[in-house]
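Examination of the molecular architecture
One-letter residues, chain by chain:
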Amino acid sequence: REQGFLGVAMDVYGKRQKGYFGLQPVFLIPAFCSILRIKTVEQVSNHAPGELGRLLGLDRAPEVKTLRRKLEELGVRRRARDYAHKLAQRWAGAQPEALGFLYVDGHVRAYNGRKHRSEERRVGKECRSRWWPDH
């Protein structure tokens, strides 16, 4: 709740979806899967639906086919960009002083292979001096 994950989803996608599993479980299942290191939607079937359902506050979690159908229904609306934008706005507004520390790339070290030679090895040193001048 604190991060606005579900609140923004409800603003962008609306409060209700047809059927037993509404918007909240459809957004929470992938989030819990990432925490539980469940890498694909199909792997949800390897876990007890009652246990995953408890995480959602329900008696059971949706089956794989239901989850896929619900995610497809959301995808058809083509609102993912709006969702990401509003979520980013919320996070940026909550801690504007932390925006300089947003890490987007995902690379954690310079390339060190033999196949390609580049000047990228110096980038880390230059970035450190620019971002952390005391070190």
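One structure accompanies this document, and this report is about it. (Residues numbered from 1 in each chain as written. Predicted model: local features only at pLDDT ≥ 70, side-chain atom pairs only at ≥ 80, totals over all residues. Heavy atoms only, no water.)

A separate point is the overall build of the protein. Helix and strand counts for the protein come out as six helices and zero strands. Going from N to C terminus, the protein has its helices and strands arranged as α-α-α-α-α-α. Counting the 135 residues in the protein, one finds 21% classified as buried. (Helix = DSSP H or I, 4+ residues; strand = E, 2+ residues; numbered from the N terminus. Buried < 20%, exposed > 50% of the residue type's maximum accessible area, 1.4 Å probe, protein only.)

It is worth spelling out the packing of helix α1 (residues 5–13) against helix α2 (residues 23–35) at this point. Two elements in contact, α1 and α2, have axes separated by 10 Å at closest approach and are oriented at 135°. Taken together, the axes of α1 and α2 lie oblique to each other. The handedness of the crossing between α1 and α2 is right-handed. Contacts between α1 and α2 involve Phe5, Leu6, Ala9, Met10 and Tyr13 from the first element and Leu23, Gln24, Phe27, Leu28 and Ala31 from the second. When its residues are assigned to classes, the contact of α1 with α2 shows nine nonpolar, one polar and no charged. (Axes fitted to C-alpha atoms, helices over the stretch in contact; angles between N-to-C directions. Parallel < 35°, antiparallel > 145°, perpendicular 65-115°, else oblique. Left-handed = near helix turned anticlockwise from the far one by under 90°. Contact = heavy atoms within 4.5 Å. Nonpolar A, V, L, I, M, F, W, Y, C, P; charged D, E, K, R; others polar.)

Time to look at the packing of aromatic side chains. Following the criterion strictly, the structure yields six aromatic pairs and no others. What links up through ring pairs into an aromatic cluster is the set Phe5, Tyr13, Phe27 and Tyr83. (Phe/Tyr/Trp six-rings, centres within 6.5 Å; stacked < 30°, edge-to-face > 60°.)

For α1, the complete set of buried residues consists of Val8, Ala9, Val12 and Tyr13. Viewed end-on, α1 has its buried residues packed into an arc of 110°, placing them on one side of the element. Residues of α1 that are buried in the fold lie against α2, α4 (64–77) and α5 (80–94). (Arc of directions from axis to C-beta.)

Further remarks concern the pattern of salt bridges. Pairing is possible between side chains of opposite charge, provided their charged atoms come close. Summed over the entire model, instances satisfying the criterion amount to three salt bridges. For Arg69, the salt bridge identified is with Glu73, shortest N-O distance 3.8 Å. You can see Arg69 and its partner Glu73 sitting in helix α4, four residues apart, about one turn around the helix. Here Glu73 falls in the partly exposed class, since its relative accessible area comes to 30%. Put simply, Arg79 and Asp82 hold a salt bridge, and the shortest N to O gap is 2.8 Å. On the accessibility criterion, Asp82 (32% relative accessible area) is partly exposed. (Salt bridge = Lys/Arg side-chain N within 4 Å of Asp/Glu carboxyl O.)

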